[in-house]
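A look at the structure
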Amino acid sequence: MHSELNQGRIEQKKTAESLEVKARVKLFSSLKGGKYVFLKRENDLKESQREKLLIMKEASALIKVMHDMKEELVAKGEQQSACMKREGEKTIPTCIPLPLKKALEIYQ
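First, a word on scope: everything that follows refers to the structure included in this document. (Residues numbered from 1 in each chain as written. Predicted model: local features only at pLDDT ≥ 70, side-chain atom pairs only at ≥ 80, totals over all residues. Heavy atoms only, no water.)

With that out of the way, let us pick up the pairing of strand β2 (residues 90–94). Both strand β1 (residues 83–87) and β2 contribute to a ladder of five bridges, which runs antiparallel. Its bridge partner lying in β2, Met84 is registered against Pro93. In textbook terms, the turn of a hairpin is the stretch between consecutive antiparallel strands, and for β1 and β2 this stretch comprises two residues, one of which, Gly88, has a positive phi near 65 degrees. (Pairing = 2+ DSSP bridges. Helix = DSSP H or I, 4+ residues; strand = E, 2+ residues; numbered from the N terminus.)

For the rest of this paragraph, the subject is the pattern of salt bridges. Applying the stated criterion across every chain, the model contains six salt bridges. Close ionic contact of Lys64 with Asp68 constitutes a salt bridge, the shortest N to O distance being 2.7 Å. A residue pair is termed a helical-turn pair when its members lie 3 or 4 positions apart in one helix, as Lys64 and Asp68 do in helix α5 (residues 61–77) at four residues. Put simply, Glu71 and Lys70 hold a salt bridge, and the shortest N to O gap is 3.0 Å. Under the relative-accessibility criterion, Glu71 is labelled buried at 12%. Given the relative accessible area of 3%, Lys70 is considered buried. (Salt bridge = Lys/Arg side-chain N within 4 Å of Asp/Glu carboxyl O. Buried < 20%, exposed > 50% of the residue type's maximum accessible area, 1.4 Å probe, protein only.)

On to the nonpolar core. Core analysis: the biggest nonpolar cluster contains 10 residues, these being Leu5, Leu31, Val37, Phe38, Leu39, Leu45, Leu53, Met56, Ile63 and Met66. Listed by contribution, the elements that provide at least two residues to this core are α3 (35–39), α4 (47–59) and α5. For this core, the element with the most residues is α3, which contributes three residues. Among residues more than four places away in sequence, those in contact with Leu31 are Arg9, Gln12, Lys13, Lys52, Met56 and Ile63. (Core = buried A, V, L, I, M, F, W, Y, C linked by side-chain atoms within 4.5 Å. Contact = heavy atoms within 4.5 Å.)

Geometric values such as these leave the question of function open.
This is the structure we're talking about:
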């Protein structure tokens, strides 16, 4: 996934070459030094890196869409399911009921 995202970022740089000077400068300057920021999880970025990512997203709609889709896809992959049941005053772990397990299979 990272190689495809990075390829999209590189293609945006190539696209910038065909733009008028002002738009080209804005896009190039936003993408320069942005590979790490673009590929890393947004939650793991420092404040200065988040600002760089915001600038990149504002400069390129494609970069914004690609990054947002990557974040959504990664978030889906990090989900976990668990079931609990109450026994008196306590809540204890229990097996996930089969109908729920089947319903959750599409998210694996």
